[in-house]
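# Structure assessment
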Amino acid sequence: MHWFYLLSGVVFFLGILGFSITSFRELEKRAGLLSLLCAVGFGIIWAGIGIAFPEATFYLAVIAWALSVAGAIFLSLPIGKAEPLKIDISKTERFDERHIMFGRMELKEGTPQYDEYYMHLNPEMKKVDDNLRSMPDLGEPGAKYFNKLDSPYMVSIFEFIEKIRHLADPGEPDQGPVSITPEEATRKIKGFGKFLGALDVRVTRLRDYHVYSHAGRQLHNWGQRLTLDHKYAVVFSSEMNYRMVHTAPLLPTSTESAFEYMRLACIAICLATYIKNLGYKARAHIDGNYHVLTTAVAHDAGLGELGRLGLLVTPTHGPRVRTAVVTTDMVFVEDKPINIGVQHFCRICKKCAENCPSQSIEKGEKKEIRGVTKWQTKMETCYHHWRTLGTDCSICLAVCPYSKPNSFYHNLLRFFIHRNSVARKLAFLMDDLFYGRRPRHTEKPAWFSE
Ligand code: SF4
Ligand code: SF4
């Protein structure tokens, strides 16, 4: 048997074994076991062929390498058109924050806001919303996963965010603007953002449809027409912990969501305050105190693409991120939207939709909504499920193939699927094979109750 054949066998075997070990470390038992079987099977077949045809082993090893390299080159070629998200700017319009679920849930019967909303703005939702309000709120006793020791993790973090919400607006600058080029301003804001803990920081021009038409999240300014004369938006993400997300729909995933909103709020407030201290106007847009639609801003800045599940799908962490925004009149170098094939992959995948317990994610075609052709998620049924569980569910996010950890094997696959439509089809089949069409949640961390 030629030494090159032996060495090649060891390299291929270790490559497959490495995936198995990585999968076990990620608590993906099915992927770990299957790839372990593949490694063993490969080892037996490779050794058998070597014993049967010892004189041909050199040429066989060369053929195996040639096929592997040719396959990798083919999958990295930009083959197959990846459609971008379709936005018809002429039809875009500002969205009214009063229609979002969390805003509606703040409305109390007998208040002027309640009457205004259900008599004039959205009467057809009164019955549905009254029913939702009658259910236990997230973190309250009565929901399926309520736990008197664990639910307060999430509640405590949101209480903290509520206390710092007013810091979103750092006020007027105390001095005139310092002189800074757009290039230098961009370098500084991205560097500082990442130093503060952001995963990725990008910039776009603030567009009219990024801004809510009316405030609707808090009662003190409910219904106020929103104006934002800032020119740029800095948008950034934070990574949600893979282990915590993979417990979805249990309480750790909600604790993780709350934690990321807190982290983003702190980063956004620091960035807005920094810009103010340079003499420019700025405002942070954080949980419960937004004037902009963060996903629309994030898409236009190229932080990710909009996926079937209605969330941003980023190149390195899929939808396993949360985002926040700072708007300002400081001038930056604008980033562009990206096209990493998410629209095409979502068209064939549908894993989030098929695993959604409340059937809230569209399994069919996209529809044009305010100028954007996208899959529409049903907010009401999704939120009903949240209130039933007492968590923010997040199964869609956990099962998404793009949510895999940021490791060598997943990044290699991401490299191929961002470029090549054949790779996307193969990745879809492999994801089903190794992780299952209906993945199960993993165990909770030990600091959660059984
Ligand atoms: S959070 Fe849960 S209920 Fe809501 S869309 Fe995702 S999977 Fe469905
Ligand atoms: S689970 Fe599949 S269909 Fe859903 S967002 Fe992720 S890639 Fe798209």
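The structure under discussion appears in the preceding block.
Presented here is an overview of the structure given in this document. (Residues numbered from 1 in each chain as written. Chains lettered and ligands numbered in written order. Predicted model: local features only at pLDDT ≥ 70, side-chain atom pairs only at ≥ 80, totals over all residues. Heavy atoms only, no water.)

Let us look at the packing of helix α1 (residues 3–25) against helix α2 (residues 29–52). In the contact formed by α1 and α2, the axes pass within 7 Å of each other and the chain directions differ by 170°. The angle between the axes of α1 and α2 places the two elements in the roughly antiparallel class. The class makeup of the residues in the contact of α1 with α2 is 16 nonpolar, seven polar and one charged. (Axes fitted to C-alpha atoms, helices over the stretch in contact; angles between N-to-C directions. Helix = DSSP H or I, 4+ residues; strand = E, 2+ residues; numbered from the N terminus. Parallel < 35°, antiparallel > 145°, perpendicular 65-115°, else oblique. Nonpolar A, V, L, I, M, F, W, Y, C, P; charged D, E, K, R; others polar.)

Turning our attention to the site of ligand 1. Around ligand 1, a shell composed of Cys356, Pro357, Ser358, Ile361, Cys382, His385, Trp386, Asp392, Cys393, Ser394, Ile395 and Cys396 is seen. Broken down by class, the residue content of the shell around ligand 1 amounts to eight nonpolar, three polar and one charged. (Near = heavy atom within 4 Å.)

Below, the discussion takes up helix α10 (residues 251–277). The periodicity of an α-helix, 3.6 residues per turn, causes residues three or four positions apart to be oriented the same way. In a regular helix each residue adds 1.5 Å, so 27 residues correspond to 39 Å; α10 covers 39 Å between its end C-alpha atoms and thus fits that length. α10 sits mainly inside the fold: 20 of its 27 residues count as buried. Gly279 occupies a position one or two residues after α10 and carries a positive phi of about 95°. (Expected span 1.5 Å × (residues − 1). Buried < 20%, exposed > 50% of the residue type's maximum accessible area, 1.4 Å probe, protein only.)

Applying the stated rule across the entire model yields 29 salt bridges. Between Arg165 and Asp287 there is a salt bridge; the shortest N-O distance is 3.3 Å. In this pair, Arg165 is assigned in the loop between α7 (151–164) and α8 (182–196) and Asp287 in the loop between β4 (282–285) and α11 (294–300), connecting sequence segments 122 residues apart. Since its relative accessible area comes to 8%, Asp287 is described here as buried. Taking the shortest distance from any N to any O, the salt bridge between Asp392 and Arg322 comes out at 3.8 Å. Of the two residues, Asp392 is situated in the loop between α14 (379–389) and α15 (395–399) and Arg322 in strand β7 (residues 321–328); the sequence distance between them amounts to 70 residues. Of the residues examined, Arg322 reaches a relative accessible area of 10% and is grouped as buried. (Salt bridge = Lys/Arg side-chain N within 4 Å of Asp/Glu carboxyl O.)

Grouped together as the largest cluster of nonpolar side chains are 27 residues, with contacts concentrated most on Phe236, Ala284, Val326 and Phe332. Listed by contribution, the elements that provide at least two residues to this core are α8, β2 (200–205), β3 (232–239), α10, β4 and β7. Judged by nonpolar contacts, the second largest core, of 20 residues, contains Ile340, Phe345, Ala423 and Phe428. (Core = buried A, V, L, I, M, F, W, Y, C linked by side-chain atoms within 4.5 Å.)

With that settled, consider the sheet that holds β2. In spatial order, the strands read β2-β3-β7-β4; together these four strands make up an open sheet with antiparallel pairing. Either end of the sheet is taken by a strand with one partner, and the two such strands are β2 and β4. Looking at each pair of strands side by side, their axes are set apart by 20° on average, direction ignored. Pairing analysis gives four bridges linking β4 to β7, with the strands arranged antiparallel. Looking at the pairing, Arg283 lines up with Thr327 of β7. Those strands touched by α8 are β2 and β3, and its axis lies near 145° from that of β2. Each of β3, β4 and β7 is contacted by α10, which is oriented at about 20° to β7, the strand it contacts most. (Pairing = 2+ DSSP bridges. Contact = heavy atoms within 4.5 Å.)

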